[in-house]
Structure formats: structure tokens, C-alpha cells
Amino acid sequence: VVEGADEILVEFHDGERISGTLVGSDRETDLAVIRVEADDLTPARLGDSRTSEVGEWILAVGSPFGLDLTVTAGIISAKGRGPGITEREDFLQTDAAINPGNSGGPLIDMSGRVIGMNTAIATSTRSSAGVGFAVPVNMVRWVSRQLIEEGRVKRAWLGVGVQPIDAQVARQFDIQIGAGAIIGGVMPNSPAAKAGLSPKDIIQSFDGKTINGPRKLQSIVERLE
């Protein structure tokens, strides 16, 4: 949304507009940090998207079709979604009505805490079809902190290509479906190669955390120092 912008204006609930300054942006998550100089701002409370549960009631806030300060209600339909919208995906899926103009607005739990940032919808009509996506607030927090402190996002890497444990792989290795991620390839001279990892190795835990698929592994690895 901010890419190529000549000017950034931040509009508040009372209609006041203030010029904003772009602190930094991250193409891989489609997130940006904007700074405004204003008095008496009350920050939204941030929650913990890890503890959010499927079926939990939420509110989505935004300005769909130019209708300012619209609130819609729904539930968290799924977690860990990756529909191929951005390079880094771990979306919360919701059936709350999200339409063009909701992007960047908060997804709020019933305690008034922000647990996600609305970002996209799956639809064939450009209108809500009950399938919306929000960036988890924990990812927003991690990316924004780095943009503020470093001006860019630094990500750790292993140097492997991984695939999910589907039914065929699970039968072949006599493990449960989804119980890890199987390595399909190892990049030369990468940390994975130096550690002795090989194709067909299966990673079931990393940094003390259980792996249930490639997206979970990527999320854990890239946030390491």
C-alpha cells in the first residue's frame, strides 16, 4: 500500500489528518511501519496470536469501500494458512466480512486486544466470501520491531527445501501425517549442509519446538538470532 507513495496521510477517527513518515517496510510479509507526530494518542493493546483458538469470536475493523470505521464480527476459522499471497505466510483465517479497504485494520479478540492485521481475502468477486486473512500480531510485532530498530528485517536461514509429511510419506517412514517436515534438497555450503542434513531427513522438532509442517519450521528458523 505504501510502495511508491509520494505522500502518506494518516486519518484518525475524528477526521484529523496528519502526515506520516515511512520508517520501513517488509515486502515478504507486506507490512510497513509509519511514524506520526501527534499528541494524546492511545495505542491499541496487542494480544498473543499464539494463544488464539479456532472458533474464537473476533472483530474486524476497517474502512471497506470507503465506509470509515466499520466493524464486522466472526470467528477464527483456521490458523497457519498460506494461500500464496506473500512470501512469508502464517495467516489467521476468519469469516468476519473483510472487503477492499479493510487491509491494515486490526483483528480484535473479545478482550479488545489486537491479534492480527487484516490483509487479504479469497474471493472471485472482490467482495467478502467469508474467507479473509490476517497477519498474526506476533509476526507484526517481530517485523515492526526490527524495522524500527534496524530499518530492515533480518532472517536466519537453514538452506533446505522442505515438504509436508503427507499420507504417502507418512506410510513410507511409518510416522504420523503432519509429524514434521521432510527435506527435499540441501543448498551447498549452507548451515544445513555444514550440519550434515541430507535429503529425506525429517525434521520433527527445532529449537525445542514441535514441527508440524514447512511453514512452522520456516517461522521458527527465521526468527532466530
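First, a word on scope: everything that follows refers to the structure included in this document.

Cut-offs applied
- Residues numbered from 1 in each chain as written.
- Predicted model: local features only at pLDDT ≥ 70, side-chain atom pairs only at ≥ 80, totals over all residues.
- Heavy atoms only, no water.
- Helix = DSSP H or I, 4+ residues; strand = E, 2+ residues; numbered from the N terminus.
- Buried < 20%, exposed > 50% of the residue type's maximum accessible area, 1.4 Å probe, protein only.
- Areas by Shrake-Rupley, 256 points an atom, 1.4 Å probe, with all protein chains shown as cover.
- Lys, Arg positive; Asp, Glu negative; His and termini not counted.
- Charge placed at Lys NZ, Arg CZ, Asp CG, Glu CD.
- Pairing = 2+ DSSP bridges.

## With respect to the overall build of the protein
And step 1. Looking only at helices and strands, the protein has 4 helices and 14 strands in total.
And step 2. Judged by the C-alpha coordinates and their principal axes, the protein covers about 60 × 35 × 30 Å.
And step 3. By the burial criterion, 35% of the 225 residues in the protein qualify as buried.
And step 4. Just so you have it, the protein exposes about 13300 Å², and 49% of that area is on carbon and sulfur atoms.
And step 5. Across the protein, the mean location of the 22 positive side-chain charges is 8 Å away from that of the 29 negative side-chain charges.

## A few points about the pairing of strand E9 (residues 132-136)
And step 1. By the criterion of burial, E9 is predominantly enclosed, with 5 of the 5 residues buried.
And step 2. Two elements, strand E6 (residues 91-94) and E9, share 3 bridges in a ladder whose sense is antiparallel. Across the sheet, residue Thr94 finds its bridge partner in E9, namely Gly132.
And step 3. Summarising the sheet, strand E8 (residues 114-121) and E9 pair through 5 bridges and their orientation is antiparallel. Residue pairing in the sheet places Ala120 in a bridge with Phe133 of E9.

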